Amino acid sequence: MCDTCGCNLTPGNKHLAFKPVARGATAVSVLKGLLAKNDDQAAHNREHFDRRGILAINLMSSPGSGKTALLEATLTALKNEFTCAVIEGDLETENDAERIRAKGVQAHQIVTGTACHLDAHLVHDALHHMTLDGVDILFIENVGNLVCPASFDLGQHLNVTLLSVTEGDDKPAKYPVMFRAADAMLLTKTDLLAVLDDFDPDKAEAHLRNLANPAPVMRLSARKDLGMDAWLAWLREELATQRARVAIGQSRRPAIQADGQKYHRT
Amino acid sequence: MHELAVAQALVEQVDAVIDQHGATLASLIRVRIGPLAGVVPELLASAFPLAAAGSRMEHAELEFAHAPIKVRCQTCSAETEAAMNRLVCGACGDWHTQIISGDELLLESVELINDTPLDSPLSAHPNV
């Protein structure tokens, strides 16, 4: 117990702890986003992308829901159409970047050590190890985690959140911060639906709508090549939209921040 | 777990405010964190002393302002309170809503202390 960190405060004695504002203390109003420094860096990253007409996509999900498998299938399908590049985020190993490089695609691995998410500074450092000229789509595969990555803007234009059918269909209700941030939700491994009797894709979609999220929901299996066409068509459309935005000097932040400044009155 | 990263960002921001105002230290830091911000106030409160150790806000009190979740319906225009995983209109039940409060992650204000004695009009002028 001490008098400095507040560990001696209990609900019972809290009212006694009030101390009058010390002489010479002045209150300063700040009203700035707590993650302003990350957000500034993210805006800078976004400028890098916009200057080159790149569409940057942040892939988020639980570990093991098939982000890397989706990327492998996507990169193979788009091989002759676009130049893609990938940033991989994991706590350890270069494994995922090696899987991407095996497809002949430029990949940079960020090893976060113990950090549970990527932030804008980590992505910026990664960009300095990459050749961005000529790249059409940059995929950023975030650390597998349905909690922390949602709070950090990386400079991407779109968030894509994966939910594999081996997880519960109520994941959007359990992790609302993450799924509210999705610009598209992919239900993955749908080939397994036949042997699972407890995942209802319609329910998963209903839980997403309960978060007031109008994002498209696509059902696919990267391994069995099911439903990939809708996903690839969505990517083509979003790349065209990004190029149109860049042509008129505009950009786009991912879903989670879109409403904020506009609707908050404080 | 990312609350430590948020605490470090908070310390950097408060540090900048202390510099801007030429103050000595911060005594009170008031933040507003909505349930939808993805940051748990209790975890931030326990991470803060680690991030602030040795800094000019080491002994500052961290205060949290309440930010209830409120949505505005795009269909019926009602403004209602909502639950974290049910952001639908409380009046008509439509899910086409906009968050108007509850996703804030803001440094609202800081109380600063300046130990350097200011020139007081009552103190004797050196030339008198």
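Here, every reference points to the structure presented above.
Everything numeric in this text was worked out from a predicted model, so none of it was measured.

Reading guide: rules and limits
Residues numbered from 1 in each chain as written. Chains lettered and ligands numbered in written order. Predicted model: local features only at pLDDT ≥ 70, side-chain atom pairs only at ≥ 80, totals over all residues. Helix = DSSP H or I, 4+ residues; strand = E, 2+ residues; numbered from the N terminus. Buried ≥ 20, exposed ≤ 12 C-beta atoms within 10 Å, placed from the backbone. Contact = placed C-beta atoms within 7 Å. Pairing = 2+ DSSP bridges. Axes fitted to C-alpha atoms, helices over the stretch in contact; angles between N-to-C directions.

1. A look at the overall build of chain B
Looking only at helices and strands, one finds 2 helices and 6 strands in chain B. Helices and strands in chain B line up, N terminus first, as α-β-α-β-β-β-β-β. Counting every position in chain B, which comprises 128 residues, the buried fraction comes to 41%. Counted over contacts in chain B with a minimum sequence separation of 6, partners at least 24 positions apart contribute 69%.

2. A few points about the sheet that holds strand β1 (residues 25–33) of chain B
Strand order across the open sheet formed by 4 strands is β1(A)-β6(B)-β1(B)-β2(B), with mixed pairing between neighbours. Every interior strand has two partners, whereas the edge strands, β1 (25–33) of chain A together with β2 (61–65) of chain B, have only one. If you compare each strand with its neighbour and ignore which way they point, the axes differ by 20 degrees on average. Here 7 bridges tie β1 of chain A to strand β6 (residues 105–113) of chain B, and the two strands are oriented antiparallel to one another. Residue pairing for β6 of chain B: K32 of chain A is matched across the bridge by L107 of chain B.

3. Regarding the environment of E61 of chain B
Residues and elements named next belong to chain B. Counting through the fold element by element, E61 comes out in strand β2. What makes E61 partly exposed here is the crowd of 16 C-beta atoms within 10 Å. Expressed as a C-alpha distance, the spacing of E61 and E111, which sit 50 residues apart in the sequence, is 9.6 Å.

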